[in-house]
Amino acid sequence: RRPLGDLHEITREVLSEAREMARNDPVGARYVFGIDETMVDILANMGLAQVRKAAVSGVFCFQLRFTSEFAARLAAMEATEIDVFLNA
């Protein structure tokens, strides 16, 4: 297994989900994935081969968007509290 094999697979899955959402719910894709309208259009028009190629490029295509305050708040919670907090 390649060192980044898991990361490549996760990236492919995220890109595939983003692509489907960009096609079916562009506004939702912007919100959920933190992308702009141009990226929504690009993802919506990507083929599966392009998704696979991007996934193994060595660059994770999305980034965490937690602020340090948000991350600290999550870290201080019990596991059961996190579910309630994230679904609120």
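Sequence order as written defines the numbering, with residues in each chain counted from 1. With pLDDT at 70 or above as the cut-off, local features in this predicted model cover only qualifying residues; side-chain atom pairs require 80 or more to be listed or tallied, and sums for whole chains, interfaces and linings still use all residues. To obtain the side-chain values, all non-hydrogen atoms of the structure were used and water was disregarded.

Draft legend 1. Focus on the overall build of the chain. Helix and strand definitions here come from DSSP, where helices need a minimum of 4 consecutive H or I residues and strands a minimum of 2 consecutive E residues; each element is numbered from the N-terminal end. In terms of helices and strands, the chain carries six helices and zero strands. Along the chain, helices and strands appear, N-terminal first, in the series α-α-α-α-α-α. Each residue is assigned to one of three classes by its accessible area relative to the maximum for its type, calculated with a 1.4 Å probe on protein chains only: buried under 20%, partly exposed between the two thresholds, exposed over 50%. Expressed as a percentage of its 88 residues, the buried residues of the chain come to 24%. Taking contacts inside the chain between residues at least 6 apart in sequence as the whole, the part at least 24 apart equals 53%. Between two residues, a contact is recorded if the distance between any of their heavy atoms is within 4.5 Å.

Draft legend 2. Geometry of the environment of leucine 48. Along the chain, leucine 48 turns up in helix 4 (residues 48-55). The class of leucine 48 is partly exposed, set by a relative accessible area of 48%.

Draft legend 3. Summary view of the layout of surface pockets. In this model, the largest pocket occupies a volume close to 180 Å³. Lining the largest pocket are Tyr31, Val32, Arg65 and Phe66. Looking at side-chain class alone, the lining of the largest pocket contains three nonpolar, no polar and one charged residues. Cavities and pockets are defined on a 1 Å grid built over the protein atoms alone: a cavity is a set of grid points where a 1.4 Å probe fits but cannot escape, while a pocket is an open set with protein on both sides within 12 Å along at least five of seven lines, and lining residues are those with an atom within 4 Å of any such point. Grid points are joined across faces, edges and corners, and a volume is the space filled by probe spheres set on the points. Classes in brief: Ala, Val, Leu, Ile, Met, Phe, Trp, Tyr, Cys and Pro nonpolar; Asp, Glu, Lys and Arg charged; the others, Gly included, polar.

Draft legend 4. Region of interest: the environment of alanine 29. By the element assignment, alanine 29 lies in helix 2 (residues 26-33). The buried category is assigned to alanine 29, whose relative accessible area is 0%. In the structure, alanine 29 is positioned ten residues away from methionine 39 in sequence and 9.5 Å away in space, judged by C-alpha atoms. Not counting chain neighbours up to four residues away, the residues in contact with alanine 29 comprise Met21, Ala22, Gly34, Ile35 and Val40.

Draft legend 5. Up close: the nonpolar core. Formed by Leu15, Ala18, Ala22, Ala29, Phe33, Ile35, Val40, Leu43, Ala44, Met46 and Val51, the largest nonpolar core amounts to eleven residues. Elements supplying a minimum of two residues to this core: helix 1 (5-24), helix 2 and helix 3 (37-44). Sequence-distant contacts of valine 51, defined by excluding residues within four places in its chain, comprise Arg12, Leu15, Ser16, Arg19 and Met46. What we call a nonpolar core is a set of buried Ala, Val, Leu, Ile, Met, Phe, Trp, Tyr and Cys residues that are connected through their side-chain atoms within 4.5 Å.

Draft legend 6. Molecular detail of helix 2. Buried within helix 2 we find Gly28, Ala29 and Phe33. All buried residues of helix 2 fall inside an arc of 100° around its axis, so they share one side. Opposite the buried face of helix 2, at more than 90 degrees from it, the exposed residues are Val27 and Tyr31. Glycine 34 lies just past helix 2 and shows a positive phi near 65°. As used here, the arc belongs to the directions running from the helix axis to the C-beta atoms.

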